[in-house]
Amino acid sequence: MPGFLLHLNATVQCSHGGMATPTSPNPKVFVGGMPVTTMPRQYVVAACPFNVSGSPVPCVTAQWTTSAMKVLAGGEPVLLLDSQAITTPNGVPLLITSTQTKVQGS
């Protein structure tokens with residue numbers, strides 16, 4: 001299914017509200033002046049407030065499990081608005097709340 005491409009300024013959060021950012025966006029492909037992100041790259045989660053019985057157990061990283069099927073950047077599939085990711089160590093999904101709205105891929 002087509003979706004808008006994710007880029008460095010996309011708003012991505014873990015299910016608990018921590019902010020997720022890519023470890024290394026593609027340095028050569030830009031959308032709206034920002035580099036796009038690709039599937040093999042891990043995201044880092046900051047400020048996850050999740051805790052169990054008063055002990056912090058924050059989400060730390062996230063790995064993408066789905067991406068574009070037809071659009072590549074530097075030989076790697078780009079991430080789309082409907083791409084899925086799972087966090088470590090909690091196993092909850094990332095939520096994409098905003099991204100650019102001009103370039104779509106599938």
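Treat the numbers as computed from the prediction; the structure is a model and nothing was measured.

About the cut-offs
- Residues numbered from 1 in each chain as written.
- Predicted model: local features only at pLDDT ≥ 70, side-chain atom pairs only at ≥ 80, totals over all residues.
- Heavy atoms only, no water.
- Pairing = 2+ DSSP bridges.
- Helix = DSSP H or I, 4+ residues; strand = E, 2+ residues; numbered from the N terminus.
- Axes fitted to C-alpha atoms, helices over the stretch in contact; angles between N-to-C directions.
- Buried < 20%, exposed > 50% of the residue type's maximum accessible area, 1.4 Å probe, protein only.
- Contact = heavy atoms within 4.5 Å.
- Core = buried A, V, L, I, M, F, W, Y, C linked by side-chain atoms within 4.5 Å.

**Notes on the sheet that holds strand E2 (residues 11–14)**
Part 1 of the reasoning: With respect to topology, six strands assemble into an open sheet ordered E12-E9-E6-E3-E2-E13, the strand pairing being antiparallel. Edge positions in the sheet fall to strand E12 (85–88) and strand E13 (94–98), since each has one partner strand and no second. When the angles between neighbouring strand axes are averaged without regard to direction, this sheet yields 35°.
Part 2 of the reasoning: Pairing of E2 with strand E3 (residues 19–22) involves two bridges; the strand directions are antiparallel. Each residue of the ladder has a partner; that of Val12, found in E3, is Ala20.

**Section: the environment of Val52**
Part 1 of the reasoning: Locating Val52 in the fold gives a position in strand E7 (residues 51–52).
Part 2 of the reasoning: Relative accessible area serves as the criterion here: at 44%, Val52 is assigned to the partly exposed category.
Part 3 of the reasoning: Between the C-alpha atom of Val52 and that of His16, which follows or precedes it by 36 residues, the distance is 12 Å.

**Some remarks on the environment of Pro49**
Part 1 of the reasoning: Tracing the chain through its elements places Pro49 in the loop between strand E6 (43–46) and E7.
Part 2 of the reasoning: Separated by 16 residues in sequence, Pro49 and Gly33 place their C-alpha atoms 31 Å apart.
Part 3 of the reasoning: Filtering out sequence-adjacent residues up to four positions away, Pro49 remains in contact with His16, Gly17 and Gly18.

**A look at the pairing of E6**
Part 1 of the reasoning: Taking every second residue as pointing to the same face, the buried face of E6 carries Tyr43 and Val45, while none of Val44 and Ala46 on the other face is buried.
Part 2 of the reasoning: Sheet analysis places E3 next to E6, joined by four bridges and oriented antiparallel. Residue Ala20 lies in a different strand from E6, and its bridge partner there is Val45.
Part 3 of the reasoning: Across two bridges, E6 lies against strand E9 (residues 61–64) in antiparallel orientation.

**Digging into the nonpolar core**
A general tendency of soluble globular proteins is for nonpolar side chains to be buried together.
Part 1 of the reasoning: Ranked by size, the top nonpolar core spans 16 residues in total, and within it Leu6, Val12, Tyr43, Val45, Trp64 and Leu94 carry the most contacts.
Part 2 of the reasoning: Dropping the residues within four chain positions of it, Val12 is found in contact with Gly18, Met19, Ala20, Tyr43, Leu94, Leu95 and Ile96.
Part 3 of the reasoning: One finds Leu5, Val31, Ala68 and Leu80 within the second-largest nonpolar core, a separate group that totals seven residues.

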